Amino acid sequence: MFKHLKNDIPASLVVFFVALPLCLGIALASGAPLFSGLIAGIVGGVVVGSISGSSIGVSGPAAGLAVIVLSAIGNLGFENFLVAVVIGGAIQIALGALRAGIIGYYFPSSVIKGMLAAIGIIIFLKQIPHAFGYDKDYEGDLNFFQLDGENTFSALGSMFDFISPGALLVTTVSLAILLLWDKVLSKKHDIFKIVPGPLVAVVVGIIYYTSIDPSSSIAIANDHLVKVPVPESADDFIGQFTLPNFGALSNPQVWVTAFTIAIVASLETLLCVEATDKLDPEKRTTPTNRELFAQGAGNMVSGLIGGLPITQVIVRSSANLQSGGKTKLSAILHGFFLLGSVILIPRLLNKIPLAVLAAILLIVGYKLAKPALFKQMYKLGKDQFIPFIVTVAGVVFTDLLMGIGLGLAVGITSILIKNYQNSHFLHIEKSDDGSHVVKMTLAEEVSFLNKGAILKELNALPNDTLLELDVRKTIRLNYDILEILDDFAIKAKEKNIEVKLISERGTVYNPKNFTNFFKSKSKEAA
């Protein structure tokens, strides 16, 4: 884990700067104390990062849970809600023990790539208002419909009424620093690889804020800065931690909330794991059951000390990867940076302009949704491109889980159509006397998904037909198909259809019972 310190330390700093406003923004959107978001970020880095088997995944409070958390806190109260977080963590540990992590492998590659591209588009679009100085919406919001009554696109129109010249200038300078660092300076000398460009951009942003006269037209307003809670003393700092009220264990609503958190957080984590593994240039595979255990342990710790629920998060994970992170040490260090900064330098953090962080996330968003990805998916054909683009549109215009569900539905529909088409090969011949000879060759495996296609072909056979049914390649035949064939054997007599069954055992004419025939065939094979 310590072999790549020169990569992991700079990456952890970038993730720290990205995570800081996201933790605060998600806590704000969730109706929870701001410090609870920081607790979740710290636990996600230190606890989850230490237990997880993911090399580049970073965990913390997730925007996808904000609406669930907001509703739960409103109904239960914050201390009772924390009990649900603890129980939810225990449920995730149980899911890991039951090996439920395999669920993540059942999402098509096209859907996962669509999710990544959509997240990139959302990050890019959501950060444009912050880059211009319009901060009505909270950092880290990924939903199309925002809690402030706007949507992703209407916010872009509203920002023109609130343009801050200072914020726009800081964004431009920050973008220039980031691009110059990444494209030019990092290739010139090793020092530029050790010192990350985002850190330089943050330092420049702080210097700009503190050096410009507040009355100037290009000054940065206080509401366009990071807002970290500032404790006045050690007791004040400790007082920010909240303990759960375990007297609420008898409340059924607490258990409903716990199961909701566990299921949604686990699904988002598994999707993120699949996505980050695809982004990883070294193509390492994260053990998903261990990841569920790590997330569950993190949620139990977070809930016990007053933090929000945790998932693995694609925004922070992709920022980690794009900043050169190699091992999970970068995720762990970012948690310690969060902890140290809120204890030692909260006032300095509150001088960081959000425009700098918007510039960092604009780069992250663009790299996730490069036009080259869309071209690549288009060239792979409609079977890959349609689920991909449906997922992109679904995530951008609704939310993460809804978009994934739409993409998955399209992917499954595509598979059903292919199964319908590929269950058998049908060849029709006509003899000299005009009678039909129909040759049907069944595939290696024929399931209930092929039921409709085969039934359609059998029902369409005209009277006085010779059906040559070739099952020499067939290994598995679903019982639903056998039922269809048995029923057809009866109808065939009525329509004067002769059935010639061809198998590796030889040829059988007009079998009365296909089920018995294939049972005996299976016994012979065994």
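Parameters and conventions
Residues numbered from 1 in each chain as written. Predicted model: local features only at pLDDT ≥ 70, side-chain atom pairs only at ≥ 80, totals over all residues. Heavy atoms only, no water. Helix = DSSP H or I, 4+ residues; strand = E, 2+ residues; numbered from the N terminus. Buried < 20%, exposed > 50% of the residue type's maximum accessible area, 1.4 Å probe, protein only. Contact = heavy atoms within 4.5 Å. Areas by Shrake-Rupley, 256 points an atom, 1.4 Å probe, with all protein chains shown as cover. Core = buried A, V, L, I, M, F, W, Y, C linked by side-chain atoms within 4.5 Å. Expected span 1.5 Å × (residues − 1). Polar contact = N/O pair within 3.5 Å; in protein donor to acceptor, adjacent residues only side chain to side chain. Axes fitted to C-alpha atoms, helices over the stretch in contact; angles between N-to-C directions. Parallel < 35°, antiparallel > 145°, perpendicular 65-115°, else oblique. Left-handed = near helix turned anticlockwise from the far one by under 90°. Nonpolar A, V, L, I, M, F, W, Y, C, P; charged D, E, K, R; others polar. Phe/Tyr/Trp six-rings, centres within 6.5 Å; stacked < 30°, edge-to-face > 60°. Pairing = 2+ DSSP bridges. Patch = residues over 30% accessible without salt bridge, like charges linked within 9 Å, V, L, I, M, F, W, Y side chains within 5 Å. Salt bridge = Lys/Arg side-chain N within 4 Å of Asp/Glu carboxyl O.

**Points about the overall build of the chain**
Argument step 1. Each helix and strand in the chain was counted, giving 22 helices and 9 strands.
Argument step 2. Seen through its principal axes, the chain has C-alpha atoms that stretch 100 × 55 × 50 Å.
Argument step 3. Counting only residues that meet the buried cut, the chain has 52% of its 526 residues in that class.
Argument step 4. Expressed as a percentage of contacts within the chain between residues at least 6 apart in sequence, the contacts between residues at least 24 apart total 78%.
Argument step 5. Accessible surface, the chain: about 23,600 Å² in total, of which carbon and sulfur atoms supply 63%.

**Observations concerning the nonpolar core**
Argument step 1. In terms of nonpolar packing, the biggest core is built from 91 residues, with Phe81, Ile119 and Val315 touching the most fellow members.
Argument step 2. Among the elements that make up this core, the one with the highest residue count is helix H1 (residues 5-29) (11 residues).
Argument step 3. Here phenylalanine 81 is in contact with Val69, Ala72, Ile73, Leu76, Thr257, Ile261 and Pro309, once residues within four sequence places are set aside.
Argument step 4. Formed by 24 residues, the second largest nonpolar core is a distinct cluster that contains Val438, Leu469, Leu477 and Phe517.

**Let's talk about helix H21 (residues 479-494)**
Argument step 1. Here H21 spans 24 Å end to end across 16 residues, near enough to the 22 Å set by a 1.5 Å rise per residue.
Argument step 2. Taken as a whole, H21 has its buried residues at Ile481, Leu482, Ile484, Leu485, Asp486, Phe488, Ala489 and Ala492.
Argument step 3. Measuring from the backbone nitrogen of aspartate 480 back to the side-chain oxygen at the start of H21 gives 2.9 Å, which picks out asparagine 478 as the cap.

**Section: the packing of helix H5 (residues 109-132) against helix H16 (residues 354-368)**
Packed helix pairs are specified by the crossing angle of their axes together with the interaxial distance, meaning the distance between the axes.
Argument step 1. It is at 8 Å that the axes of H5 and H16 come closest, and there the two elements cross at 155°. Accordingly, the angle class assigned to the pair H5 and H16 is roughly antiparallel. For the crossing formed where H5 meets H16, the hand is left-handed. Here H5 contributes Leu116, Ala117, Ile119, Gly120, Ile123, Phe124, Gln127, Ile128, His130 and Ala131 to the contact with H16, which in turn contributes Ala355, Ala358, Leu361, Leu362, Val364, Gly365, Tyr366 and Leu368.
Argument step 2. Class assignment of the residues belonging to the contact of H5 with H16 gives a composition of 14 nonpolar, 4 polar and no charged.

**Observations regarding unusual backbone geometry**
Argument step 1. One non-glycine residue, aspartate 464, lies in the positive phi region at around 60°.
Argument step 2. Mapped onto the secondary structure, aspartate 464 falls in the loop between helix H20 (451-459) and strand S6 (465-470).
Argument step 3. A positive phi angle, near 50°, is found at asparagine 510, a position not held by glycine.
Argument step 4. The residue asparagine 510 is located in the loop between strand S9 (506-509) and helix H22 (514-525) in this model.
Argument step 5. Judged by its relative accessible area of 40%, asparagine 510 is partly exposed.

**Quick notes on the packing of aromatic side chains**
What describes a pair of aromatic rings is the distance from one ring centre to the other and the angle between the planes of the rings.
Argument step 1. Tallied over the entire structure, the rule returns 16 aromatic pairs.
Argument step 2. Relative to phenylalanine 241, the ring of phenylalanine 35 has its centre 5.2 Å away and its plane inclined at 90°; by these criteria the two rings are edge-to-face. You can see phenylalanine 35 sitting in helix H2 (residues 34-51) and its partner phenylalanine 241 sitting in the loop between helix H10 (234-238) and helix H11 (252-279), a full 206 residues away along the chain.
Argument step 3. For phenylalanine 35, a relative accessible area of 5% gives the class buried.
Argument step 4. For phenylalanine 241, a relative accessible area of 29% translates into the label partly exposed.
Argument step 5. Ring plane angle 55° and centroid distance 5.3 Å describe the contact between phenylalanine 144 and phenylalanine 397, whose orientation is recorded as tilted. With phenylalanine 144 in the loop between H5 and helix H6 (152-158) and phenylalanine 397 in helix H18 (residues 382-397), the pair connects residues that are 253 residues apart, well separated along the chain.
Argument step 6. Judged by relative accessible area, phenylalanine 144 falls into the buried class, the value being 9%.
Argument step 7. For phenylalanine 397, a relative accessible area of 42% translates into the label partly exposed.
Argument step 8. Through a chain of ring-to-ring contacts, the aromatic side chains of Phe144, Phe145, Phe153 and Phe397 assemble into a single cluster.

**Looking at the pairing of strand S8 (residues 498-503)**
Argument step 1. With respect to burial, S8 is a largely interior element, 5 of its 6 residues being buried.
Argument step 2. Note that S6 and S8 share 5 bridges and pair parallel. Its bridge partner lying in S8, leucine 466 is registered against glutamate 498.
Argument step 3. Strand direction decides the pairing type here: S8 and S9, joined by 4 bridges, are antiparallel. Its bridge partner lying in S9, leucine 501 is registered against valine 508.
Argument step 4. Hairpin remark: S8 followed by S9, antiparallel, with 2 residues in the connecting loop.

**Topic: the packing of helix H7 (residues 165-183) against H16**
Argument step 1. Where H7 contacts H16, the axes come no closer than 8 Å and their chain directions differ by 50°. When the interaxial angle is binned, H7 and H16 end up oblique. For the crossing formed where H7 meets H16, the hand is right-handed. Where H7 approaches H16, its residues Ala167, Val170, Thr171, Ser174, Leu175, Leu178, Leu179 and Asp182 are matched on the opposing element by Ala355, Val356, Ala359, Ile360, Leu362, Ile363 and Lys367.
Argument step 2. Residue composition of the contact of H7 with H16, grouped by class: 11 nonpolar, 2 polar and 2 charged.

**Comments concerning a nonpolar patch on the surface**
Argument step 1. Nonpolar side chains collect at one region of the surface, where Phe336, Leu339, Ile343, Leu344, Ile345 and Leu348 lie side by side and expose about 540 Å² of accessible area between them.
Argument step 2. The dominant element in the nonpolar patch, judged by the number of residues it contributes, is helix H14 (residues 329-344), at 4 residues.
Argument step 3. In this fold, leucine 339 is placed in helix H14.

**Structural notes on the side chain of serine 110**
Argument step 1. Relative to the helices and strands, serine 110 resides in helix H5.
Argument step 2. Its relative accessible area of 3% is what places serine 110 among the buried residues.

**Focus: the pattern of salt bridges**
Where charged atoms of side chains with opposite charge meet at close range, the side chains can pair.
Argument step 1. One pass over the structure, following the stated rule, counts 9 salt bridges.
Argument step 2. One salt bridge in this structure joins lysine 367 and aspartate 182, with 3.6 Å as the shortest N-O distance. Residue lysine 367 is found in helix H16, and its partner aspartate 182 is found in helix H7; the two are separated by 185 residues along the sequence.
Argument step 3. Accessibility expressed as a relative area gives 28% for lysine 367, which makes it partly exposed.
Argument step 4. Between glutamate 468 and lysine 500 there is a salt bridge; the shortest N-O distance is 3.8 Å. With glutamate 468 in strand S6 and lysine 500 in strand S8, this pair connects stretches of sequence that are 32 residues apart. Each member of the pair, glutamate 468 together with lysine 500, is buried.
Argument step 5. One continuous salt-bridge network, built from bridges that share partners, spans Asp280, Glu282, Arg284 and Lys326.

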